[in-house]
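Examination of the molecular architecture
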Amino acid sequence: MNTENLKFPLIYQHNAEFAREIHAAKEVSRLLQKVDFPGDDVWIDLRFDYALSDHSTSSLDVMLIRGQPHGIVKLNLQGLYLMQDFEVMIQQVIPHEIAHILHGVKAKVGGYEIQKPHDEEWAELFINLIGGVNHDIEPSAKVRGEFDDRAIRLSKSGILVECECGDDESLEVLADTPGNSAKLRNEELECTSCKFPYVRFTGDTLPKRIAADQQFLEKIKCIKLQHSPLQR
Ligand SMILES: [Zn+2]
Ligand SMILES: [Zn+2]
């Protein structure tokens, strides 16, 4: 698919190409339009990033020109999570991150520093984006969804370990640090559920779910690599 032809109002550039990415980009665009985001002057650069550690991140490079914000905002969404829990990504993660962007622009225009990213002002912006108070979707610092980041952490050369919980649940991925390696050797890292120490995974094959995610990530990386990166 040629992504150059895909345009979403108020999104300056993006790397959406798969159905779920396109759907997510449309939702980002819809919410930005809803709050009259000054997209002519503040360019939104939307990326689906499959290496992201979190569900989403954003960064602002905005300055004031005659009191109006100008600049670039980078909005990153973890694409694997769109496959794992599309609904939560659309209903919660996207408004969560857009609220951060609006918060950041507001602070810039108002000339103040944000002390706590998930403060009341951010929560208000979030609630407005989701269309009013909804007790099923409370503003929170970390959105909980059916997200499984083990394949992502494995792809960053994490150490695969297992405990006694059984099945899929007994596998964890630890950051490959000298500290973790030493603790692992001394059986100092315990699973919080079964209380057994983690040991290096010795099985031949990965559990299905992680293996499927891993395959998916590999495939996506190949496809995304073939496409020219976005401009800065
Ligand atoms: Zn946040
Ligand atoms: Zn366990």
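Residues numbered from 1 in each chain as written. Chains lettered and ligands numbered in written order. Predicted model: local features only at pLDDT ≥ 70, side-chain atom pairs only at ≥ 80, totals over all residues. Heavy atoms only, no water.

Looking at an unreviewed UniProt entry, one finds the protein named SprT-like domain-containing protein and attributed to Pseudomonas arcuscaelestis.

Observations regarding the overall build of the protein
Here is the rule: What counts as a helix is a DSSP run of H or I of at least four residues, what counts as a strand is a run of E of at least two, and both are numbered from the N terminus. The classification of residues rests on relative accessible area computed with a 1.4 Å probe and restricted to protein chains. Under 20% of the type maximum is buried, over 50% is exposed, and intermediate values are partly exposed.
Along the protein, the regular secondary structure elements total 7 helices and 7 strands. If you list the helices and strands of the protein from N to C, you get β-α-β-β-β-α-α-α-α-β-β-α-β-α. For the protein, the C-alpha atoms occupy an extent of roughly 60 × 40 × 35 Å along the three principal directions. Within the protein, buried positions represent 41% of all 232 residues.

Quick word on the coordination of the zinc ion (ligand 2)
What counts, and what does not: Listed donor atoms are N, O and S within 2.8 Å of the metal (Na, K and Ca: 3.2 Å). As water is not included, a site may look incomplete. Between 85 and 135 degrees for all angles marks four donors as tetrahedral; over 155 degrees for opposite donors together with 65 to 115 for all other angles marks four donors as square planar and six as octahedral; every other arrangement is irregular.
Those protein atoms acting as donors to the zinc ion (ligand 2) are Cys163 (SG), Cys165 (SG), Cys191 (SG) and Cys194 (SG), and they sit at 2.2 to 2.4 Å. Relative to the metal, the 4 donor atoms surrounding the zinc ion (ligand 2) lie at angles of 105 to 113°, and the coordination shape comes out tetrahedral. Along the chain, the residues that donate to the zinc ion (ligand 2) are spaced as C-x1-C-x25-C-x2-C. You can see Cys165 sitting in the loop between strand 5 (159-162) and strand 6 (171-174) and its partner Cys191 sitting in the loop between helix 6 (178-185) and strand 7 (199-200), a full 26 residues away along the chain. Residue classification places Cys165 among the partly exposed positions, given a relative accessible area of 34%.

Some thoughts on the coordination of the zinc ion (ligand 1)
Around the zinc ion (ligand 1), the protein contributes the donor atoms His96 (NE2), His100 (NE2) and His118 (NE2), at 2.0 to 2.1 Å from the metal centre. Look at His96 and you get buried, because its relative accessible area is 2%. Residue class for His118 comes out partly exposed when judged on its relative accessible area of 31%.

Concerning unusual backbone geometry
When glycine is set aside, most residues are seen to have a negative phi, and most peptide bonds are trans. Unlike most non-glycine residues, Asp36 shows phi in positive territory, near 50°. With respect to the element layout, Asp36 can be found in the loop between helix 1 (19-34) and strand 2 (42-49). For Asp36, a relative accessible area of 65% corresponds to the exposed category. The backbone of Glu187 sits at a positive phi, close to 55°, despite the residue not being glycine.

Notes on the pattern of salt bridges
How we decide: Salt bridge criterion: a side-chain nitrogen from Lys or Arg within 4 Å of a carboxyl oxygen from Asp or Glu.
Applying the stated criterion to the full structure yields 8 salt bridges. Ionic pairing is found between Asp45 and Arg47, a salt bridge with its closest N-O pair at 2.9 Å. Taken as a pair, Asp45 and Arg47 share a single burial class, namely buried. Between Glu172 and Arg153 there is a salt bridge, with its nearest N and O atoms 3.3 Å apart. A residue pair is termed long-range when its members are at least 10 positions apart, and Glu172 in strand 6 and Arg153 in helix 5 (residues 150-155) qualify at 19 residues. One network of salt bridges, with partners in common, ties together Asp148, Arg150 and Arg209.

Thoughts on helix 3 (residues 86-110)
Rules: Expected span of a helix: the number of residues minus one, times 1.5 Å.
Taking 1.5 Å of rise per residue, the 25 residues of helix 3 would be expected to cover 36 Å, and the 35 Å separating its terminal C-alpha atoms lies within 8% of that figure. Following helix 3 by one or two positions, Gly111 has its phi on the positive side, about 70°.

Notes on the environment of Gln13
Our working rule: In protein, a polar contact means a hydrogen-donor-capable atom and an acceptor-capable atom, both N or O and within 3.5 Å, with residues adjacent in sequence counting only if both atoms are side-chain atoms; elsewhere, any N or O pair within 3.5 Å suffices.
With respect to the secondary-structure elements, Gln13 resides in strand 1 (residues 13-14). Accessibility expressed as a relative area gives 13% for Gln13, which makes it buried. Sequence separation of Gln13 and Arg200 is 187 residues, and the distance between their C-alpha atoms is 43 Å. Side chain to side chain, Gln13 and Asp45 meet in a polar contact 3.4 Å long.

Let's talk about the confidence of the model for the protein
Our working rule: Each residue carries a pLDDT value, the predictor's own confidence for that position, ranging from 0 to 100.
With 96% of its residues at a pLDDT of at least 70, the protein reaches an overall mean of 92. The secondary structure element of the protein with the lowest average pLDDT is helix 7 (residues 208-226), at 87, and the one with the highest is helix 1, at 98.

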